[in-house]
Amino acid sequence: MIKRSILLLAALLTISSQLFCATAVPDNKSGSFEFGNKAFLLNGKPFVVKAAEVHYPRIPRPYWEQRIKMCKALGMNTLCVIVFWNIHEQRMDEFDFTGNNDLRAFIKLAQKNGMKVILRPGPYICAEWEMGGLPWWLLKKKDIRLREQDPFFIERLTKFEQKVAEQVGDLTIDKGGPIIMVQVENEYGSYGEDKAYVSQVRDIIRESGFDKVKLFQCDWSSNFTRNGLDDLLWTMNFGTGANIDNEFRALRQLRPDGPLMCSEFWSGWFDKWGGRHETRGSHAMVEGIRQMLERDISFSLYMTHGGTSWGHWAGANSPGFAPDVTSYDYDAPINEAGQATPKYHELRDVMAKYNQGRRLPPLPKAYPTISIPKVKFSEVAPLYSNLPEPSQKSGPLKTFEDMDMGWGCLLYRTTIPQAIDGESILKVTEAHDYAQVFVNGRYIGKIDRIRRESTVHMPTLHVGDVLDIYVEALGRINFGRAIKDFKGITEKVELRYTLSDNSLVDIELRDWQIFCLPDDYRAQAQMKYEPVSEKNQGVRGNYRATFRLNKVGDTFINMEKFGKGQVYVNGHAIGRFWQIGPQQTLYMPGCWLKKGENEIIVTDVTGPREPVIEGLRQPVIDRLKLEGPQTHRLQGQTLDLSGEQPIHAGTLKSGNGWQEVRFDKPVSGRYLCIEALNSHWNREYCCISELYLLDANGKRLSREPWSVAYADDEDVTTGNKNADKVFDLQESTFWSTNRGVPFPHHIIIDMNQDQTVTGFQILPRMEEGAPESIKDYKVYVKSEPFRY
Ligand code: GLA
Ligand code: CA
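What counts and what doesn't
Residues numbered from 1 in each chain as written. Chains lettered and ligands numbered in written order. Predicted model: local features only at pLDDT ≥ 70, side-chain atom pairs only at ≥ 80, totals over all residues. Heavy atoms only, no water. Pairing = 2+ DSSP bridges. Helix = DSSP H or I, 4+ residues; strand = E, 2+ residues; numbered from the N terminus. Axes fitted to C-alpha atoms, helices over the stretch in contact; angles between N-to-C directions. Core = buried A, V, L, I, M, F, W, Y, C linked by side-chain atoms within 4.5 Å. Buried < 20%, exposed > 50% of the residue type's maximum accessible area, 1.4 Å probe, protein only. Contact = heavy atoms within 4.5 Å. Phe/Tyr/Trp six-rings, centres within 6.5 Å; stacked < 30°, edge-to-face > 60°. Donors = N, O, S within 2.8 Å, 3.2 Å for Na, K, Ca; no water. Near = heavy atom within 4 Å. Polar contact = N/O pair within 3.5 Å; in protein donor to acceptor, adjacent residues only side chain to side chain. Areas by Shrake-Rupley, 256 points an atom, 1.4 Å probe, with all protein chains shown as cover. Nonpolar A, V, L, I, M, F, W, Y, C, P; charged D, E, K, R; others polar. Parallel < 35°, antiparallel > 145°, perpendicular 65-115°, else oblique. Left-handed = near helix turned anticlockwise from the far one by under 90°. Disulfide = S-S within 2.5 Å.

Q: Please explain the sheet that holds strand E3 (residues 45-47) as it appears in this structure.
A: Strand pairing in a sheet relies on backbone hydrogen bonds, with the paired strands running either antiparallel or parallel. Spatial strand order, E1-E2-E3: three strands in an open sheet with antiparallel pairing. A single partner strand is all that each edge strand has here, and the edge strands are strand E1 (33-36) and E3. Direction aside, neighbouring strands of the sheet carry axes that sit 45° apart on average. Summarising the sheet, strand E2 (residues 39-42) and E3 pair through three bridges and their orientation is antiparallel.

Q: Looking at this structure, I do not really get the nonpolar core. What am I missing?
A: When a protein is soluble and globular, its nonpolar side chains tend to lie buried together. If you look at the biggest cluster of nonpolar residues, it comprises 146 residues, and the most contacted ones within it are Leu79, Leu119, Leu146 and Ile600. In terms of residue count, the dominant contributor to this core is helix H5 (residues 151-168) (eight residues). Ignoring sequence-local partners within four residues, the contact set of Leu119 consists of Val81, Val83, Ile107, Val164, Val168, Ile179, Met181, Val182, Gln183 and Phe210. In terms of nonpolar packing, the next biggest core, distinct from the first, is built from 32 residues, Met405, Leu410, Tyr412 and Ala435 among them.

Q: Just to check I follow, could you spell out the packing of aromatic side chains for this structure?
A: Ring pairs (aromatic) are described by centroid distance and by the angle formed between their planes. Applying the stated criterion across every chain, the model contains 42 aromatic pairs. Centroid distance Trp273 to Trp578: 6.3 Å. Interplanar angle 50°. Geometry classified as tilted. In this pair, Trp273 is assigned in the loop between strand E10 (261-266) and helix H8 (282-294) and Trp578 in strand E29 (residues 572-578), connecting sequence segments 305 residues apart. Ring geometry for Trp313 versus Trp407: centroids 5.2 Å apart, planes at 65°, classification edge-to-face.

Q: How do you make sense of the coordination of the calcium ion (ligand 2) when you look at a structure like this?
A: The textbook angles at a metal center are 109.5 degrees for a tetrahedron of four donors and 90 or 180 degrees for an octahedron of six. Taken together, the protein ligands of the calcium ion (ligand 2) are Ser689 (O), Glu690 (OE), Lys725 (O), Asp728 (OD), Gln730 (O), Thr733 (O) and Thr733 (OG1), with distances of 2.3 to 2.6 Å. All donors of the calcium ion (ligand 2) come from a single chain, and their spacing in sequence reads S-E-x34-K-x2-D-x1-Q-x2-T. Pair noted here: Glu690 is in strand E36 (residues 690-694) and Thr733 is in the loop between strand E37 (707-711) and strand E38 (735-736), with a separation of 43 residues, a long-range link. Pair check on accessibility: Glu690 and Thr733 agree, each one buried.

Q: Would you take a moment to explain the sheet that holds strand E9 (residues 233-239) for this structure?
A: A barrel is described by the order of its strands in space; here eight strands give the closed sequence E4-E5-E6-E7-E8-E9-E10-E11, paired in parallel fashion. For this sheet the average axis-to-axis angle between neighbouring strands, irrespective of direction, equals 30°. By the bridge criterion, three bridges tie strand E4 (residues 50-54) to strand E5 (residues 78-82) in an arrangement that is parallel. In the strand pairing of E5, Ala51 is matched with Thr78. Taken strand by strand, helix H4 (residues 103-112) contacts E4, E5, strand E6 (116-120) and strand E7 (179-183), and its axis lies near 170° from that of E5. Strands in contact with helix H6 (residues 195-208) are E7 and strand E8 (214-219); relative to E8, the strand with the most contacts, it is inclined by about 145°.

Q: Mind showing me how you'd approach the site of ligand 1 here?
A: Around ligand 1, 14 residues are found, and the nearest of them are Ala127, Glu128, Glu187, Glu264 and Tyr330. In the model, an oxygen atom of ligand 1 is placed 2.8 Å from a nitrogen or oxygen of the Asn186 side chain. Tyr330 places a side-chain nitrogen or oxygen 2.6 Å from an oxygen atom of ligand 1. The protein chains hide 100% of the 300 Å² of surface that ligand 1 would expose on its own. Looking at the shell around ligand 1, its residues break down into nine nonpolar, two polar and three charged.

Q: Sorry if this is basic, but what is going on with the environment of Glu597 here?
A: Inspection of the secondary structure assignment puts Glu597 in strand E31 (residues 596-604). Sequence spacing of Glu597 and Leu549 is 48 residues, and the spatial spacing of their C-alpha atoms is 6.7 Å. Apart from the residues within four sequence positions on either side, Glu597 is in contact with Thr546, Phe547 and Arg548.

Q: Just to check I follow, could you spell out the packing of H4 against H5 for this structure?
A: In the contact formed by H4 and H5, the axes pass within 9 Å of each other and the chain directions differ by 45°. When the axis of H4 is compared with that of H5, the two are oblique. Classified by chirality, the crossing of H5 by H4 is right-handed. Along its contact with H4, which presents Leu103, Arg104 and Ile107, the element H5 presents Val164, Gln167 and Val168.

Q: Looking at this structure, how should I read the state of the cysteines?
A: Note: disulfide means a covalent bond formed between the sulfur atoms of two cysteine side chains. Counting across every chain of the model gives zero disulfides. Cys80 takes part in no disulfide bond, and the closest cysteine sulfur to it belongs to Cys218, at a distance of 8.6 Å. Relative accessible area serves as the criterion here: at 2%, Cys80 is assigned to the buried category. Here Cys686 is not disulfide-linked; the sulfur of Cys687 is the nearest cysteine sulfur, at 6.5 Å. Residue class for Cys686 comes out buried when judged on its relative accessible area of 0%.

Q: Mind showing me how you'd approach the pairing of strand E22 (residues 488-498) here?
A: Successive side chains on a regular strand alternate, one facing one side of the sheet and the next facing the other. Relative to E22, strand E17 (residues 424-432) runs antiparallel, the two sharing seven bridges. Residue pairing across strands places Thr429 opposite Lys492, the latter belonging to E22. Where E22 lies against strand E23 (residues 504-508), five bridges are found, and the strand directions are antiparallel. Note on E23: the bridge partner recorded for Thr498 is Leu504.

Q: Can you help me understand unusual backbone geometry in this one?
A: Here the bond from Ser318 into Pro319 is cis, since omega is 5°, no more than 30 degrees from zero. With respect to the helices and strands, the residue Pro319 is situated in the loop between strand E12 (316-317) and strand E13 (322-323). Here the residue pair Gly581 and Pro582 is connected by a cis peptide bond, since its omega of 15° sits within 30 degrees of zero. With a phi close to 45°, Glu187 is a non-glycine residue in the positive phi region. Within the fold, Glu187 resides in the loop between E7 and H6. Its identity as a non-glycine residue notwithstanding, Asp404 has a phi of 65°, on the positive side.

Written as structure tokens, this is what we have:
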């Protein structure tokens, strides 16, 4: 009886608190946040926004408050909060703002801790998050134009923004809440030019309920005018090391009296599978913040704490396909596990000096860490004995989206229609993202989108042989025009073989069975498990184990013995792993572990070397295990330009900013080589941040098909300064040669096909004075590869 009434009381309390959340006016008094003369005004007084960017879905809810307190102890007065559309609406019209998705609770927690909030409700957010925050099911409408005035896109985003406003629209400062500003779209300048669309997003956000609060737009100093709306505040995004005055120069000219803010000051950078771990020095970061504080410039430190892209939520970068790792540590001041790094303390010392004489609050306690001794997996559910009923019994190829699948794997099966003696080539157009090919259950080869692979060499084939293509989806692209990223096999599969008269024949394989293997815990747990034995050693499939803990704490699960896939612990999707690295351990928050028995399931799409894990006290996120060098110059290669004629030679100006060069006449070719003869800094190395080539009309050529054919030297020891950083669309990242390697330096771009080129645009580094910017140079263009 007593128990019952307690339950009843609890139920009543929940109902009333829900009512309270939905209708009541927050207890704080209403205030104001305005744009004054060269300053923000909070309740009429000048206010420097010191914002920490943290992402609620990337932090387990029980840890939210500790992370917020860490930001506060760092001297921050505001939280920058992105809203992740696709985590709230995983299926169309099914909205979820509960648990770890409880945006309102997060913002209330910020308020409780005395923090203001900047809300960034997208709809597009980038953030190295699956599809930049857009829901995958938008792609069920195949011809949808994302981030444009496509009626369906607009209808869906309107609905979403209304839901956001229902949740937190009453938490703006004028209504007594902590939200001081709301962002419209995100960095639209690096996507396109479309003021009509951006204006419509602005209106939707206003009309959905953010009617009085200030709105703003963020972009880069090089492109913000393209979409800048007259009635919104403009803020700039740039990274550690950038020349601060330069970043605001153009804005100051256009808006001499507005407040200045760096809305994303990048503390570090994100990692991709198969790439080196990124770091950014603490000195440059702290110095950038100091300079902004000195000038009363507002900022948001992206990321102050990065956290984790759990499960399948990590996105992928483009051009090309560069899926992000699970850890979003970002080399941020607060590491993935919520601990203060040396960077944190250095920054805190500076922030303390700009705190109007007040002491900064103390750091909250960090959560304990534990190690977990080796856990051997005793059970396995092999892929081949666990295929579900086919979702399509026969028919054309279909994508994940056609099959109503967001994430996971599809297995496509067909039978070989005719015998092919000797070798043939299987050509898949295109496999998104990691495909493995089997004939009668035997593994033949893989097609890895990261490496732009599209073919597999096949053995002799007989009529009726069973061909399987097992395709795992990685994160959908979150940056640039390529965000419309369908998963699975997107077009066709062909077999190419040679006839006795040496002619080539292509046959298209048409009739497919499709098996769906969704990425969700329940499906994984329900498979038929059997004991691990000699017989099933190393097979692809699910591995299950339990382990006992007598105390819980944060730990890092070492996945080095496994191949590639996804981990679930006690039903929580912990994230993707891939033995190529650089990330080898997965952050496992103690709040999702239990005293007593815990369960771990690993889906391994390539199979483990040994099914065993352990919990480490320290993360390993910088161990790359790739065969071959990470640079673009093969061993023994040296570019030979003797006998080649430059099509152009010139001298670049010194200093920051874009420069454009036009050739005397158009040239045509596939390979373009820039030969740098010296730099403005009279030192031995050279750097380029971004490079575009101009077409016959002087417009930028698409860099989507580009790759680096050669770079004489690349600095991958003091950071990740590979040559492909010249076309990664990021102005803050750059190619650098190593110090002390003498000029000339060479970079050769392979455009993948002949193009007409009339000139180029080049951006040196963003740091003051553009360090190591190229001075004298020559350009060579050829249709055939250069000689090495
Ligand atoms: C941009 C985006 C962010 C994030 C950073 C890179 O600034 O706005 O969401 O993707 O780049 O980390
Ligand atoms: Ca770059």
